[in-house]
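This is what each chain is made of:
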Amino acid sequence: MASSPLRFCLDYLSPYAYLAWLRMPAIAARHGRELEPVPVLLAGLLNAVGSVGPAEIPAKRVYVFKQTFRIAHEQGAPFTLPPSHPFNPLLSLRVTAAVDDVAERTRLTTALYSAAWGQGRGIETPEQVGAVLTEAGFDAQALLARAQLPEVKDRVRKNTEDALAHGAFGVPSVLVDDEMFWGVDSLGHLERYLEGRDPLTPGELAKWTNLPATANRRPEGKPRP
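Residues numbered from 1 in each chain as written. Predicted model: local features only at pLDDT ≥ 70, side-chain atom pairs only at ≥ 80, totals over all residues. Heavy atoms only, no water.

(A) Representation of the overall build of the protein within the structure. The helix and strand tally for the protein stands at 10 helices and four strands. Each helix and strand of the protein, ordered N terminal to C terminal, gives the series β-α-β-α-α-α-α-α-α-α-β-β-α-α. A principal-axis box enclosing the C-alpha atoms of the protein has dimensions of 60 × 45 × 40 Å. Sequence separation of at least 24 residues holds for 73% of the intrachain contacts in the protein that already meet a minimum separation of 6. In the structure as shown, the protein presents an accessible area of about 12,400 Å², 55% of it carried by carbon and sulfur atoms. One way to put it: in the protein the 24 positive side-chain charges average out to a point 7 Å from where the 25 negative ones average out. (Helix = DSSP H or I, 4+ residues; strand = E, 2+ residues; numbered from the N terminus. Contact = heavy atoms within 4.5 Å. Areas by Shrake-Rupley, 256 points an atom, 1.4 Å probe, with all protein chains shown as cover. Lys, Arg positive; Asp, Glu negative; His and termini not counted. Charge placed at Lys NZ, Arg CZ, Asp CG, Glu CD.)

(B) Structural view of the pattern of salt bridges. Per the stated rule, a full pass over the model turns up 14 salt bridges. For the salt bridge of K158 with D154, the shortest nitrogen-to-oxygen distance reads 3.2 Å. One end of the pair is K158 and the other is D154, both in helix α8 (residues 150-165) and four residues apart, which spans about a single turn. Residues joined in a network through salt bridges with shared partners are R7, E36, R105 and D162. (Salt bridge = Lys/Arg side-chain N within 4 Å of Asp/Glu carboxyl O.)

(C) Spotlight on a nonpolar patch on the surface. Taken together, the side chains of V49, F169 and W182 define a hydrophobic patch exposed on the protein surface, amounting to about 280 Å² of accessible area. Summarising the element assignment, F169 is placed in the loop between α8 and β3 (173-176). (Patch = residues over 30% accessible without salt bridge, like charges linked within 9 Å, V, L, I, M, F, W, Y side chains within 5 Å.)

(D) Here's a closer look at helix α4 (residues 90-97). The buried fraction of α4 is high, at seven of eight residues. Residues L91, S92, L93, R94, V95, T96 and A97 constitute the buried set of α4. Packed against the buried residues of α4 are β1 (6-10), β2 (35-39), α5 (102-118), α6 (126-135), α7 (140-146) and α8. (Buried < 20%, exposed > 50% of the residue type's maximum accessible area, 1.4 Å probe, protein only.)

(E) Local environment of the pairing of strand β4 (residues 179-182). Sheet topology places β3 next to β4; four bridges connect them, and they run antiparallel. By the bridge assignment, L175 is partnered in β4 with M180. In this antiparallel pair of consecutive strands, β3 and β4, the connection spans two residues, and D177 shows a positive phi of 55 degrees. (Pairing = 2+ DSSP bridges.)

(F) Quick peek at the layout of surface pockets. In this structure, the largest pocket spans a volume of roughly 930 Å³. In this structure, the largest pocket is lined by 42 residues; those nearest its centre are Y16, G53, P54, A55 and V64. If you list the elements that add at least two residues to the lining of the largest pocket, you get α1 (15-30), α2 (42-49) and α3 (58-75). The biggest single contributor to the lining of the largest pocket is α3, with nine residues. Here the residues of the lining of the largest pocket are counted per class, giving 28 nonpolar, nine polar and five charged. Taken as a whole, the second largest pocket holds about 290 Å³ of empty space. Considering the residues around the second largest pocket, the lining is formed by E179, M180, F181, W182, S186, H189, R192, Y193, D198, P199, L200 and L205. Mapped by element, the contributors of at least two residues to the lining of the second largest pocket are β4 and α9 (187-194). Among the elements that make up the lining of the second largest pocket, the one with the highest residue count is β4 (four residues). (1 Å grid on protein atoms, 1.4 Å probe; cavity = no way out; pocket = protein on both sides within 12 Å on 5 of 7 lines; lining within 4 Å. Points joined across faces, edges and corners; volume = space filled by probe spheres on them. Nonpolar A, V, L, I, M, F, W, Y, C, P; charged D, E, K, R; others polar.)

Laid out in structure tokens, this is it:
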């Protein structure tokens, strides 16, 4: 395996992250990289960058369902809506963070995503999460207890802060080397990067980074001069 893993920043709340996750094991295998699921709190990312989630915008909430349904059809992926959305993913994120072994954490991530978006089950309560853990062969009681430990709760927070420090602002975000790829539609770009065929050069990136802005959106309610 190459020294730098594919660090997949996820929140079970996102159907886009679910659809991207289904493709990640094959991408990692093709390019000889370890796949590492990193549970982060999407709400924390959004709060830090001053943004809102797609489901918080009524028109976008409807569009997200239509788009992810179509993407799932293209991928041949099972896709069923969970009982509610947005839902509270915190317990599932903490349970995932409680698993130290990367291979086992990967297996648990797949099980929780399958339950939520493949089977349309809730993954919010201890009873719901415990059922998924048991079905996947984990010790549900032990993991649910471990998820309540301060160091495990802190791990999700630190994962979120680390993702922000590496440029993440949403999920799914894949961190690899010094790059960040966001969204299920960026996975093709990720593969080209891993193949050494990324068309983006440091010079082109510098042009965008240093490009001046000559217009700014007016604050809400402020009249135009």
